[in-house]
Amino acid sequence: DQQVKQNSPSLSVQEGRISILNCDYTNSMFDYFLWYKKYPAEGPTFLISISSIKDKNEDGRFTVFLNKSAKHLSLHIVPSQPGDSAVYFCAAKMGRVGGTSYGKLTFGQGTILTVHP
Amino acid sequence: EAGVTQSPTHLIKTRGQQATLRCSPISGHTSVYWYQQALGLGLQFLLWYDEGEERNRGNFPPRFSGRQFPNYSSELNVNALELEDSALYLCASSLAGYSSTDTQYFGPGTRLTVL
């Protein structure tokens, strides 16, 4: 049961334009969402997060939007740079009410972003 | 500030052997997590340790085990290695695993190859 889904395996964007990466989740008990960037054979690097009590969070070129009613979040990168080319993972976490899911991150399958010069 | 460190970087074992992977968390972090990323698969949660105790466990067989030491470093042991255990093993640490808005920071990983 894939509780966190990234339906686009890949995204190609021109340098300077906006990159929009999408993520859907099915479990309404998730209350904290994170985006990570990953290069091959390296560990994920934390980018930005959002709590379920907010609908938007910004950090420099990165903005995450959360639509709780649609169970959907997106990461916007503006402007996109060639160095942003990597695999992007969204992840979700439950609080204490999560029971056996408590504490762990549930990851999507990732989206490969390629930014062309 | 030093990030999460893992050793070794690469590990090659044969079927049936045991593997031991090590992780040092960010200074001040008490929670340590282990994840597996097998080829073509996403990151799967393995184990969570906090204050020396196992707090949660993913859907993996008992031959995957670990422990957390008093200095909060951790070790992951995989017994009776199988070919499908070949994967990138990632360790993460966080400041307060019980907090809803706790962020996990990952190390570079250990690439385990089982021949």
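The structure this text deals with has already been given above.
Residues numbered from 1 in each chain as written. Chains lettered and ligands numbered in written order. Predicted model: local features only at pLDDT ≥ 70, side-chain atom pairs only at ≥ 80, totals over all residues. Heavy atoms only, no water.

### Quick word on the overall build of chain A
What counts, and what does not: Only DSSP runs of H or I with at least four residues qualify as helices, and only runs of E with at least two residues qualify as strands; both kinds are numbered from the N terminus onward. Radius of gyration here is computed from C-alpha atoms only, and the compact-globule reference equals 2.2 Å multiplied by the residue count raised to the power 0.38. Remark: exposure states derive from per-residue accessible area (1.4 Å probe, protein chains only) relative to the maximum for the residue type, with buried under 20%, exposed over 50%, and partly exposed in between. Every residue pair with non-hydrogen atoms within 4.5 Å of one another is taken to be in contact. All accessible areas in this document rest on Shrake-Rupley with a 1.4 Å probe, and a residue is counted as covered only by the protein chains that are shown. The charge count includes Lys and Arg as positive and Asp and Glu as negative, but it does not include His or the ends of the chains. To locate a charge, take atom NZ for lysine, CZ for arginine, CG for aspartate or CD for glutamate.
The helix and strand inventory of chain A stands at zero helices and 11 strands. Counting from the amino terminus, chain A carries its helices and strands in the arrangement β-β-β-β-β-β-β-β-β-β-β. On C-alpha atoms alone, chain A measures out to a radius of gyration of 14 Å, which is about the 13 Å that the 2.2 N^0.38 rule sets for 117 residues. Along the first, second and third principal axes, the C-alpha atoms of chain A reach 45 × 30 × 20 Å. With 117 residues in all, chain A has 50% of them scored as buried. When contacts within chain A are restricted to residue pairs at least 6 apart in sequence, those whose partners lie at least 24 apart make up 57%. By element, 50% of the accessible surface of chain A is carried by carbon and sulfur atoms, the whole surface being about 5,500 Å². Both charge centroids of chain A, one from 12 positive and one from 9 negative side chains, sit 5 Å from each other.

### Remarks on the state of the cysteines
Heads up, the condition is: Working definition: a disulfide is two cysteine sulfur atoms within 2.5 Å of each other.
Within this structure, the stated rule accounts for two disulfides over all chains. For C23(A), the disulfide goes to C90(A), at an S-S distance of 1.9 Å. Across the S-S bond of C23(A) and C90(A) the torsion is about 60°, and the bridge reads as right-handed. Separated by 67 residues along the polypeptide, C23(A) in strand β3 (residues 19–25) and C90(A) in strand β9 (residues 86–94) bring together distant segments of the chain. The same class applies to C23(A) as to C90(A), namely buried. One disulfide in the model links C23(B) with C91(B); its S-S distance is 1.8 Å. When the S-S torsion is -65°, as for the bridge of C23(B) with C91(B), the disulfide is left-handed. Of this pair, C23(B) sits in strand β3 (residues 19–24) while C91(B) is found in strand β9 (residues 87–94), placing the two residues 68 residues apart along the sequence. Exposure remark for C23(B): the relative accessible area of 2% places this residue in the buried category. According to the relative accessible area criterion, C91(B) is buried, its value standing at 0%.

### Regarding the side chain of S74(B)
Residues and elements named next belong to chain B. For clarity, the threshold we go by: Counting of polar contacts relies on pairs of N or O atoms within 3.5 Å, with two restrictions inside protein: one atom must be capable of donating a hydrogen and the other of accepting it, and residues adjacent in sequence are counted only when both atoms are side-chain atoms.
Considering the arrangement of structural elements, one finds S74 in strand β8 (residues 74–78). By relative accessible area, which is 1% here, S74 ends up buried. Within the structure, S74 has its side chain in polar contact with the side chain of W34 (distance 3.0 Å). In this structure, S74 is in contact with L21, R22, C23, V32, W34, Y49, R67, Q68 and F69, ignoring residues within four places of it in sequence.

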